[in-house]
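Residues per chain, in single letters:
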Amino acid sequence: MANPKIDPSWLSVMGDEFEKPYFLELKTFLLSEKEMYTVYPPGNRIFAAFDTTPFDKVKAVIIGQDPYHGEGQANGLCFSVNFGIRTPPSLINIYKELNTDLGLPIPPSGNLEKWAQNGVLLLNATLTVRANTAGSHQKKGWETFTDEVIRKVSSQKRNVVFLLWGNYARAKAELIDSSSHLVLTAAHPSPLARGAFFGCRHFSKTNEYLTKNGIEPIDWKL
């Protein structure tokens, strides 16, 4: 994991992080966790967000908190689940907003890999989790790494759209230069937010901004 299989464009931007003390401690923690527990996502999917969306292709960033902790759910992309897994409630609400905003049909699957391939970095703040134990790998070093990812995208790219849903994601706004990028905030799509997410129109707003800046809009259809 000190030299993870991720797209070379990310290694050139983030490579130094893998040798820093905090990351070496994180690696030791993960090895001990895997000896005692099941950890999600599988090892070859931990860095899937980076492998699927090269740094130079990033047009938008959606920030989640933790991977799903149920069997077969987590696939390394925030809010996304593997094919054949029931679509989680928050993602159902994301799909409803997508349908209202752009008129796209509700997708049959919760797999968001096509978004990632189209330039949407689907970034969880914490990249691993112990099975059936939400938040179990928080504050072990992952947030230091993913905060640096956000900083690097902000400082080394221009005209990226950051979609920050819920209080946890909104707190990441301080890492972003809003004079160079578009920062969109909304309530979390969780049903616990009682529908406050609906009406944000973030999908159309993202494409309007990209188009205005001469960037090909994202194909949100799944």
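Heads up: the structure comes first, above all this text.
Numbering of residues begins from 1 in every chain and follows the order in which that chain's sequence is written. Residue-level local features of this predicted model are given only where pLDDT is at least 70; pairs of side-chain atoms are given and counted only at 80 or more, and the full residue set underlies all totals for whole chains, interfaces and linings. The side-chain values count all of the structure's non-hydrogen atoms but skip hydrogen atoms and water molecules.

A. Examining the pairing of strand β2 (residues 60-64) more closely. Classification of residues uses two cut-offs on accessible area relative to the type maximum, computed with a 1.4 Å probe and protein chains only: under 20% is buried, over 50% is exposed, and between them is partly exposed. Counting from the N terminus, the helices are DSSP H or I runs at least four residues long and the strands are E runs at least two residues long. Burial runs high along β2: 5 of the 5 residues are buried. Alternating residues of β2 divide into Ala60, Ile62 and Gly64 and Val61 and Ile63, and every residue in both groups is buried. A pair of strands is treated as paired once DSSP finds two or more bridges between them. Inspection of the sheet shows β2 paired to strand β3 (residues 120-124) by 5 bridges, in the parallel sense. Within β3, the residue paired with Ala60 across the bridge is Val120.

B. Representation of the environment of Tyr68. Mapped onto the elements, Tyr68 comes out in the loop between β2 and α4 (89-102). In sequence terms Tyr68 and Leu98 are 30 residues apart; their C-alpha atoms lie 21 Å from each other. Within the local environment of Tyr68, its side chain forms a polar contact with the backbone oxygen of Phe79, the two atoms lying 3.1 Å apart. Within 3.5 Å is the distance limit for a polar contact, defined as a pair of N or O atoms, with the added protein rule that one can donate a hydrogen and the other accept it, and that residues adjacent in sequence qualify only through two side-chain atoms.

C. Quick peek at the nonpolar core. One finds Trp10, Phe47, Trp115 and Phe145 to be the most contacted residues of the largest nonpolar core, which totals 60 residues. Throughout, a residue-residue contact means that at least one pair of heavy atoms, one from each residue, lies within 4.5 Å. Dropping the residues within four chain positions of it, Phe145 is found in contact with Met14, Glu17, Phe18, Tyr22, Phe23, Phe47, Phe50 and Leu127. Throughout this description, the term nonpolar core refers to a set of buried Ala, Val, Leu, Ile, Met, Phe, Trp, Tyr and Cys residues connected via side-chain atoms within 4.5 Å.

D. Region of interest: the sheet that holds strand β6 (residues 182-186). Strand order across the open sheet formed by 4 strands is β3-β2-β5-β6, with parallel pairing between neighbours. The two strands at the open ends of the sheet, each matched to only one other strand, are β3 and β6. Going from strand to strand, the sheet's axes swing by 20° on average, the running direction of each strand aside. Sheet analysis places β2 next to strand β5 (residues 161-165), joined by 3 bridges and oriented parallel. Bridge pairing links Ile62 to Leu163 in β5. Where helix α6 (residues 142-156) meets the sheet, it contacts β2, β3 and β5, and its direction lies at approximately 155° from that of β3. Working convention: axes come from line fits to C-alpha atoms, limited for helices to the stretch in contact. Angles between N-to-C directions cover 0 to 180 degrees.

E. Just unusual backbone geometry, in detail. Cis geometry marks the peptide bond from Tyr40 to Pro41, where omega comes out at -10°. Here Pro41 lies in the loop between β1 (39-40) and α3 (48-52). Backbone geometry places Asn132, a non-glycine residue, at a positive phi of 65°. Here Asn132 shows up in the loop between β4 (129-130) and α6. Judged by its relative accessible area of 62%, Asn132 falls in the exposed class. One non-glycine residue, Arg194, adopts positive backbone phi at about 55°. The residue Arg194 is located in the loop between β6 and α8 (202-212) in this model. A relative accessible area of 79% means that Arg194 is categorised as exposed.

F. Spotlight on the pattern of salt bridges. A pairing counts as a salt bridge when a side-chain nitrogen of Lys or Arg comes within 4 Å of a carboxyl oxygen of Asp or Glu. According to the stated counting rule, one finds 8 salt bridges in the structure shown. A salt bridge links Asp147 to Lys172, with the nearest nitrogen and oxygen atoms 2.7 Å apart. Of this pair, Asp147 sits in helix α6 while Lys172 is found in the loop between α7 (166-170) and β6, placing the two residues 25 residues apart along the sequence. Judged on exposure class, the residue Asp147 and its partner Lys172 are both buried. Where Glu148 meets Arg151, a salt bridge forms, and the shortest distance between an N and an O atom there is 3.2 Å. Residue Glu148 and its partner Arg151 are both found in helix α6; the two are separated by 3 residues, about one turn of the helix. Residue classification places Glu148 among the buried positions, given a relative accessible area of 17%. For Arg151, a relative accessible area of 37% corresponds to the partly exposed category.

Scope: geometric values only; no functional claims are made or implied.
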